[in-house]
Amino acid sequence: MEEFTKFGKFAIAPDQHLHGELRVAGKGTSLYLRDDEFFHTRTIPDKCLTGILHDLTRVTLIECITLEEMAHGGDETYHSAKLFPHFVLEGPQHISPNDQAIVEIRLGLDDATALFYDFDAFGTVIDPVPHIERIAAANKVDREIVVGPEPRIVYFTGKRDIIEVDTALGTVRARHNPGWSLGGPAGVRIDNVITIGIEPERPLTFGDAFFRTLQLLRFLELVIGRRQNLREFVVFVNGAENRVPLRVHWSYRPLRTARAIDHRRSPQPADLLLDPIRQSDEFANVMRAWLGTDRERQDARCRFHTSFIDQEIYSVERLIGAANMFDLLPNSAAPKDVDIPSDVMDAKRRCQEIFESLPDSYERSSVLGILGRLGKASLKHKTRHRAQYVETVTAGRFPDLALVLDEAINCRNHYVHGSSAKIDYRENFDMVTFFTDTLEFVFAASELIEAGWNIQAFIKKGTTMSHPFGAYRVDYDERIKKFHALLSKA
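The rules behind the values
Residues numbered from 1 in each chain as written. Predicted model: local features only at pLDDT ≥ 70, side-chain atom pairs only at ≥ 80, totals over all residues. Heavy atoms only, no water. Phe/Tyr/Trp six-rings, centres within 6.5 Å; stacked < 30°, edge-to-face > 60°. Lys NZ or Arg CZ within 6 Å of the ring centre and 35° of its normal. Helix = DSSP H or I, 4+ residues; strand = E, 2+ residues; numbered from the N terminus. Expected span 1.5 Å × (residues − 1). Bend = angle between axes of the 7 residues up to and from the residue. Buried < 20%, exposed > 50% of the residue type's maximum accessible area, 1.4 Å probe, protein only. Contact = heavy atoms within 4.5 Å. 1 Å grid on protein atoms, 1.4 Å probe; cavity = no way out; pocket = protein on both sides within 12 Å on 5 of 7 lines; lining within 4 Å. Points joined across faces, edges and corners; volume = space filled by probe spheres on them. Nonpolar A, V, L, I, M, F, W, Y, C, P; charged D, E, K, R; others polar. Core = buried A, V, L, I, M, F, W, Y, C linked by side-chain atoms within 4.5 Å. Pairing = 2+ DSSP bridges. Patch = residues over 30% accessible without salt bridge, like charges linked within 9 Å, V, L, I, M, F, W, Y side chains within 5 Å. Areas by Shrake-Rupley, 256 points an atom, 1.4 Å probe, with all protein chains shown as cover. Salt bridge = Lys/Arg side-chain N within 4 Å of Asp/Glu carboxyl O. Axes fitted to C-alpha atoms, helices over the stretch in contact; angles between N-to-C directions. Left-handed = near helix turned anticlockwise from the far one by under 90°. pLDDT = per-residue confidence, 0-100.

Draft legend 1. Summary view of the packing of aromatic side chains. Here the structure, examined in full by the defined rule, presents 30 aromatic pairs. The ring of Trp290 has Arg301 sitting right over it, with the charged end atom 3.9 Å from the ring centre. In this structure, Arg473 is placed above the aromatic ring of Phe458, and the distance from its NZ or CZ to the ring centre is 4.9 Å.

What follows is the structure, encoded as structure tokens:
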């Protein structure tokens, strides 16, 4: 995702073109416009403008916000404006944000090689001596190629497609994109970039394409275990003869910043939650099922993702958010109502009759509200319901998981409502981190299990703890011991 500053001419209206300077630099992206005559940019149609740079590259600036407009006086006057575009699309043609024109999305992630660990796609011949004569003879043109006693042969098998899955987003495809030199006295090499693409069933607007990109990114980041640096973001539109690529510069693109407290190593292929190479059917089935329910569960999953990607930062706010995401689950994923005994239901009706007969007041409304919620699933009901997915298939690997979740909700209520706490969280903030990790683990693991994830296989294999869930299962026994010790003192 290169940064640059280029000059060109930009259309803020069909009949008004201004000279400007476009700076693409992540959050510092800006467009500076200048003209001798008065102009304003706050009514640009669809917040989108187009430009042609001096090298004739076409750029489309989407979701533009005007930062400043100024009139400069003196002997000579001129007007200027500075805009912030959320997206800059760069390529051989323009695109309107309302056009259903995008036929493919292509992404490059920095941990793609760990996820798609297709180890056998590239290699070095262990014993090249029996083969080098024939290869050298086939490669000669107008001169003899002299073979020496220490030959080396490196290769790419030629199989570009790694995996292809039909999903609710379209066909998701991971591919090898090798590049190589012809060789010479400086040597020869094969470099490879793995890209992940989405090919929808029908052309999309840019907004739809961006939304699907976020959906896929959230899933892949969960499987990998950390936020991804987006190295490439390209959309393709149909041209006169072939598909035309437009590079997308996303001003708020995901960035994983290095922190001094980040002690985890880069993701190890064996630690990831799913293996698209050796367990390709499981990967395909889980991704298909997950993406099939993503729109319905979007609010809860976005809340989870916001917490999950900040692996090394724990706070009360993160705990509260991790608990609240269960309340955002739709009725298909968490119970709406719970069974309560008939005598309790009878008491509820009698109490409602008593309070409804009282004059209107804050206290009357408050009690009636509480009585109305009796029989509705509480946050503890919902977390326990999701925990059953984990407990049913892990055969006691996480003892007292429901009890930990209950206390996590008590901790959340302490910070939200000021209710009493069994544990001094200021002195034992590691319990807050334990609760946070437990809420996030149960939320995501239950979703993955529901989608077809074999968590038993994940638990049985070793781990270097490069994925947060690997670290969670390794540390669980010690953390649950301290949890019980603190509860016993309460």
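Anyway, onward from the coordinates.
Draft legend 2. Helix H9 (residues 379-394), seen in detail. Helix length check: H9, at 16 residues, gives a terminal C-alpha distance of 23 Å against a target of 22 Å (1.5 Å per residue), a fit within 8%. At Ala387, H9 is deflected by roughly 30 degrees, the largest bend along its length. Of all the residues in H9, the buried ones are Leu379, Lys382, Thr383, Arg386, Ala387, Val390 and Thr394. On its buried face, H9 sits against helix H6 (316-327), helix H10 (401-417), helix H11 (429-451) and helix H12 (455-460). Just past H9, the residue Ala395 takes up positive phi, approximately 50 degrees.

Draft legend 3. Molecular detail of the layout of surface pockets. Taken as a whole, the largest pocket spans an internal volume of roughly 780 Å³. In this structure, the largest pocket is lined by 24 residues; those nearest its centre are Ile135, Asn139, Arg152, Leu182 and Val188. The set of elements that each furnish at least two residues to the lining of the largest pocket consists of helix H2 (129-139) and strand E9 (154-156). Residue contributions to the lining of the largest pocket peak at four residues, all from H2. Of the residues in the lining of the largest pocket, the class split is 15 nonpolar, six polar and three charged.

Draft legend 4. Region of the structure containing the nonpolar core. Within the largest apolar cluster, 95 residues are counted, with the highest numbers of intra-cluster contacts made by Leu216, Phe219, Phe435 and Trp453. Residue contributions to this core peak at 13 residues, all from H11. For Trp453, the residues in contact, after removing those within four places along its chain, are Leu273, Leu274, Glu282, Val286, Ala445, Leu448 and Phe458. Residues Phe4, Leu18, Leu22 and Leu33 belong to the second largest nonpolar core, which totals 18 residues.

Draft legend 5. Region of interest: the pairing of strand E1 (residues 4-13). Two strands pair when backbone bridges link them, and E1 and strand E2 (residues 16-24) are joined in this way by nine bridges, in the antiparallel orientation. Each residue of the ladder has a partner; that of Thr5, found in E2, is Arg23. Hairpin connection from E1 to E2: two residues lie between these consecutive antiparallel strands. Alignment of E1 against strand E4 (residues 49-53), held across four bridges, turns out to be antiparallel.

Draft legend 6. Fine view of a nonpolar patch on the surface. Taken together, the side chains of Val154, Trp180 and Ile190 present a nonpolar region at the surface, about 300 Å² in accessible area. In this structure, Trp180 sits in strand E11 (residues 170-180). On the accessibility criterion, Trp180 (54% relative accessible area) is exposed.

Draft legend 7. Here's a closer look at empty space enclosed by the protein. The tally for this structure, following the rule as stated, stands at three cavities of 30 Å³ or more. For the largest cavity, the calculated volume is near 50 Å³. What lines the largest cavity is simply Gln215, Arg218, Phe219, Leu222, Trp290, Asp294, Arg301, Phe304 and His305. Elements represented by at least two residues in the lining of the largest cavity include exactly helix H3 (206-224) and helix H5 (298-308).

Draft legend 8. Highlighting the packing of H10 against helix H13 (residues 468-489). Contact pair H10 / H13: the axes reach a minimum separation of 11 Å and the direction vectors enclose 65 degrees. Our pair here, H10 against H13, has a crossing hand that is left-handed. Side by side, H10 and H13 meet where Leu401, Leu403, Val404 and Glu407 of the first sit next to Tyr472, Tyr476, Ile480, Phe483, His484 and Leu487 of the second. Classifying every residue of the contact of H10 with H13 gives eight nonpolar, one polar and one charged.

Draft legend 9. Up close: the confidence of the model for the chain. Put simply, the chain has an average pLDDT of 92, and 98% of its residues get 70 or more. When mean pLDDT is taken per element in the chain, helix H4 (residues 280-292) scores highest with 98 and helix H8 (residues 362-373) scores lowest with 82.

Draft legend 10. Broad picture of the environment of Ala402. With respect to the helices and strands, Ala402 occurs in helix H10. Take Ala402: its relative accessible area is 12%, and that puts it in the buried class. The sequence separation of Ala402 and Val390 amounts to twelve residues, and the corresponding C-alpha distance is 10 Å. In contact with Ala402, other than residues within four places in its own chain, are Arg384 and Glu391.

Draft legend 11. Expanded view of the pattern of salt bridges. Scanning all chains against the criterion turns up 34 salt bridges. When the shortest N-O distance is used, the salt bridge between Glu144 and Lys140 registers 3.5 Å. Using a relative accessible area of 61% as the deciding quantity, one classes Glu144 as exposed. Here Lys140 falls in the partly exposed class, since its relative accessible area comes to 40%. Taken together, the shared-partner salt bridges connect Arg218, Asp294, Arg297, Arg301, Arg386, Glu447 and Glu450 into one network.

Draft legend 12. Structural context of unusual backbone geometry. With phi around 60 degrees, Asp46 is a residue other than glycine that occupies positive phi space. Of note in this structure, Glu63 is not a glycine but carries a positive phi near 55 degrees. Checked against the element boundaries, Glu63 lands in strand E5 (residues 58-72). We classify Glu63 as partly exposed; its relative accessible area is 38%.

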